[in-house]
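Single-letter residue listing:
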Amino acid sequence: MTLPSFETIRRNAHRMLGDTEQELQSDWSDPELTTGQAKALADARRNIRLAKAALDKAARAGGDGS
């Protein structure tokens, strides 16, 4: 069995993060979020954006480690 390439893993992870980001932007059944929930949601969205950016940076760095 051949292991997937970095690019395949990166692309799949990017897609899954995008799916999660969309889910977090969907309508909520609760009429209002608490302050803590709203902060946690904003933190999660920010961290997803950071994770996607880190994956893109790793792809750009290639094999030189920079």
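A few points on the structure. In this text, all values refer to a predicted model and were calculated from it rather than measured experimentally. (Residues numbered from 1 in each chain as written. Predicted model: local features only at pLDDT ≥ 70, side-chain atom pairs only at ≥ 80, totals over all residues. Heavy atoms only, no water.)

Structural notes on the overall build of the chain
- Regarding its fold elements, the chain presents two helices and zero strands.
- On the chain, roughly 5,300 Å² of surface is accessible, and the fraction owed to carbon and sulfur atoms is 56%. (Helix = DSSP H or I, 4+ residues; strand = E, 2+ residues; numbered from the N terminus. Areas by Shrake-Rupley, 256 points an atom, 1.4 Å probe, with all protein chains shown as cover.)

Comments concerning the environment of Ala13
- Structurally, the position occupied by Ala13 is in helix 1 (residues 6–25).
- C-alpha of Ala13 to C-alpha of Ala51: the two residues are 38 residues apart in sequence and 9.3 Å apart in space.

Side note on the environment of Arg46
- By the element assignment, Arg46 lies in helix 2 (residues 35–61).
- With a relative accessible area of 39%, Arg46 lands in the partly exposed category.
- Taking the C-alpha atoms as reference, Arg46 lies 9.5 Å from Glu21; in sequence the two are 25 residues apart. (Buried < 20%, exposed > 50% of the residue type's maximum accessible area, 1.4 Å probe, protein only.)

Regarding helix 2
- End to end, helix 2 covers 39 Å across 27 residues, agreeing with the expected 39 Å (1.5 Å per residue, within 8%).
- Taken together, the buried positions of helix 2 are Leu41, Ile48, Lys52, Leu55 and Ala61.
- Considering only its buried residues, helix 2 is in contact with helix 1. (Expected span 1.5 Å × (residues − 1). Contact = heavy atoms within 4.5 Å.)

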